[in-house]
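Here is how the chains run, residue by residue.
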Amino acid sequence: MEASEAKSKKTGASRLCCLCNQRRPVLKRPKTLQQICKECFYEVFEEEIHQVIVKNHLFKSGERVAIGASGGKDSTVLAYVLSELNRRHSYGLDLFLLSIDEGITGYRDDSLETVKRNELQYGLPLQILSYKDLYGWTMDDIVKMIGLKNNCTFCGVFRRQALDRGAALLKVDKLVTGHNADDIAETVLLNILRGDIARLSRCTSITTGEDGPIPRCKPFKYTYEKEIVMYAYFKKLDYFSTECIYSPNAYRGFAREFIKDLERLRPRAILDIIKSGEDFRIATTTKMPEQGTCERCGYISSQKWCKACVLLDGLNRGLPKMGIGRARGGVNGDHTKETKKLAKSIESKKCGSLDF
């Protein structure tokens with residue numbers, strides 16, 4: 001009888017949240033495998049992000065901070081949590097939503113409607129910039145010209161510059177993005193696979209771009225994607241969940257699937273990869289290119305002209321593949337000749353309708 005009662009008590013205890021020991025658990029945390037209740041999950045999720053912000057000195061009181069908002073789960077949860085923590089812990093931040101309209105019919109137009117609802121839900125001012133206004137091209141137009149291969153190169157380069165331009169228009173001190181632990185682990189692997197060792201020392205940094213116009217911060221650096229999804233689900237947050245129609249064949253997608261396979265075998269694999277990236281010893285001879293400014297648009301660049309200007313000029317000249325990859329002298333004489341002609345023509349052409 002005593003053994004039966006002991007077994008019953010033990011079974012009952014195992015059905016309670018391992019943190020508060022009062023409520024029934026509703027999930028097993030992917031990061032720690034703890035079985036916890038909804039209320040405790042909210043608390044530990046938000047507290048971990050608060051500790052990351054405090055320990056890394058991400059913000060100073062009085063700063064204007066733009067949140068890169070796409071309408072997806074990461075940026076929506078970031079906007080919600082940062083608003084809550086700013087109020088609860090008196091960070092003293094002025095928060096804004098900044099969205100980029102790449103011009104992808106059936107994807108970005110729908111997700112921007114979500115961002116507009118978030119603007120009202122969280123009471124945060126919203127700024128939207130479009131590729132069409134900035135560059136004269138939408139991603140739909142670019143894909144029609146170049147096809148589905150290499151289109152992510154254009155989008156990534158244009159989007160990064162568009163975010164900086166939007167942040168400059170808002171006159172903010174910092175730009176925060178929803179890059180999570182999965183994203184950063186993927187980037188570590190991609191840099192290794194591409195042999196881009198110089199960027200390994202930078203890709204795991206929680207704050208980047210301190211030598212540029214506006215620093216970027218990643219409060220979700222140690223936050224698992226699965227936990228972000230769970231938080232959004234339990235909080236019933238309004239977010240857009242459809243994947244970009246042009247991204248299924250992106251190289252990053254293969255790294256993402258590999259990371260998820262590793263996570264199934266070892267939940268800490270994501271954090272271990274990030275730690276490895278942080279601890280890599282980079283040879284002193286391996287350095288990032290020195291940063292300057294683009295002679296054409298004034299944007300930060302390690303070359304005479306920034307990547308966005310080169311890609312844009314190729315589009316305008318009807319030669320969209322001109323800025324893709326690296327030209328190797330002696331391999332393709334016609335390609336090298338065209339590249340030189342392209343570089344010579346860039347100075348006389350304006351980058352976009354907004355001065356940076």
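In this text, all values refer to a predicted model and were calculated from it rather than measured experimentally. (Residues numbered from 1 in each chain as written. Predicted model: local features only at pLDDT ≥ 70, side-chain atom pairs only at ≥ 80, totals over all residues. Heavy atoms only, no water.)

(A) Structural context of the overall build of the protein. Looking only at helices and strands, the protein features 14 helices and ten strands. For the protein, with 356 residues in total, the buried portion stands at 47%. Considering only contacts in the protein between residues 6 or more positions apart, those separated by 24 or more positions represent 70%. Carbon and sulfur atoms form 50% of the exposed surface of the protein, whose accessible area is close to 18,800 Å². (Helix = DSSP H or I, 4+ residues; strand = E, 2+ residues; numbered from the N terminus. Buried < 20%, exposed > 50% of the residue type's maximum accessible area, 1.4 Å probe, protein only. Contact = heavy atoms within 4.5 Å. Areas by Shrake-Rupley, 256 points an atom, 1.4 Å probe, with all protein chains shown as cover.)

(B) Fine view of the packing of helix α2 (residues 38-55) against helix α10 (residues 225-235). Put simply, α2 and α10 touch, their axes get as near as 11 Å, and they point 130° apart. Relative to α10, the element α2 is oriented oblique. The interaxial crossing formed by α2 with α10 has left-handed handedness. Facing Lys38, Phe41, Tyr42, Phe45 and Glu46 of α2, the residues of α10 in contact are Glu227, Ile228, Met230, Tyr231, Phe234 and Lys235. Per-class residue counts for the contact of α2 with α10 are seven nonpolar, no polar and four charged. (Axes fitted to C-alpha atoms, helices over the stretch in contact; angles between N-to-C directions. Parallel < 35°, antiparallel > 145°, perpendicular 65-115°, else oblique. Left-handed = near helix turned anticlockwise from the far one by under 90°. Nonpolar A, V, L, I, M, F, W, Y, C, P; charged D, E, K, R; others polar.)

(C) How the structure looks around the UniProt feature "domain: Cytoplasmic tRNA 2-thiolation protein 1 C-terminal" (unreviewed entry) in the protein. In the UniProt entry, the feature "domain: Cytoplasmic tRNA 2-thiolation protein 1 C-terminal" (unreviewed entry) is given for residues 292-322. With 32% helix and 13% strand, residues 292-322 has end C-alpha atoms that lie 22 Å from one another. (UniProt positions renumbered as here; feature names shortened; annotations may be inferred.)

(D) Spotlight on the state of the cysteines. Following the criterion strictly, the structure yields zero disulfides and no others. Between Cys37, a cysteine without a disulfide, and Cys40, which holds the nearest cysteine sulfur, the sulfur-to-sulfur distance is 3.5 Å. (Disulfide = S-S within 2.5 Å.)

(E) Structural detail: the pattern of salt bridges. As enumerated under the stated definition, the model contains 24 salt bridges in all. The salt bridge involving Glu225 is made with Lys73; its shortest N-O contact spans 3.1 Å. Highlighted residues: Glu225 in helix α10 and Lys73 in helix α3 (residues 73-88), separated in sequence by 152 residues. By relative accessible area, Glu225 is classed as buried at 15%. A cluster of three or more residues bridged by salt bridges with shared partners is formed by Arg29, Lys31, Glu48 and Glu227. (Salt bridge = Lys/Arg side-chain N within 4 Å of Asp/Glu carboxyl O.)

(F) Expanded view of the UniProt feature "binding site: ATP" (unreviewed entry) in the protein. Taken from the UniProt record, the annotation "binding site: ATP" (unreviewed entry) applies to Gly68, Ala69, Ser70, Asp74, Ile100, Gly178 and Asp183. Secondary-structure assignment places Asp74 in helix α3. Owing to a relative accessible area of 15%, Asp74 belongs among the buried residues under this scheme. If near-sequence neighbours (up to four positions away) are discounted, Asp74 is found in contact with Gly178, Asn180, Asp183, Phe220 and Ile228. Among the structural elements, Gly178 can be located in the loop between β6 (174-176) and α8 (181-193). Those residues within four positions of Gly178 in sequence are excluded, and the remaining contacts are Asp74, Leu78, Asp183 and Phe220.

(G) Structural context of the pairing of strand β4 (residues 94-101). Counting buried positions along β4 yields six of eight residues, so the element is predominantly enclosed. Examined bridge by bridge, strand β3 (residues 64-68) and β4 share five bridges and lie parallel to one another. Of the residues in β4, the one forming a bridge with Val65 is Leu95. At this point the chain moves from β3, through α3, to the parallel β4, and the crossover so formed is right-handed. Taking the sense of rotation as the criterion, the β-α-β connection linking β4, helix α4 (residues 108-122) and strand β5 (residues 126-130) turns out right-handed. (Pairing = 2+ DSSP bridges. Right-handed = clockwise from strand over helix to strand, strands pointing away.)

(H) Representation of the packing of aromatic side chains in the model. This model, assessed by the stated rule, comprises 14 aromatic pairs. Among the aromatic side chains, those forming a connected cluster through ring pairs are Phe41, Tyr42, Phe45, Tyr80, Tyr122, Phe220 and Tyr231. Directly above the ring of Tyr42 sits Lys235, whose terminal nitrogen or CZ lies 4.2 Å from the centroid. (Phe/Tyr/Trp six-rings, centres within 6.5 Å; stacked < 30°, edge-to-face > 60°. Lys NZ or Arg CZ within 6 Å of the ring centre and 35° of its normal.)

(I) Region of interest: the pairing of β3. Most of β3 sits out of view: four of its five residues are buried. Two elements, β3 and β6, share three bridges in a ladder whose sense is parallel. Looking at β6, one finds that Ala66 is bridged to Leu175.

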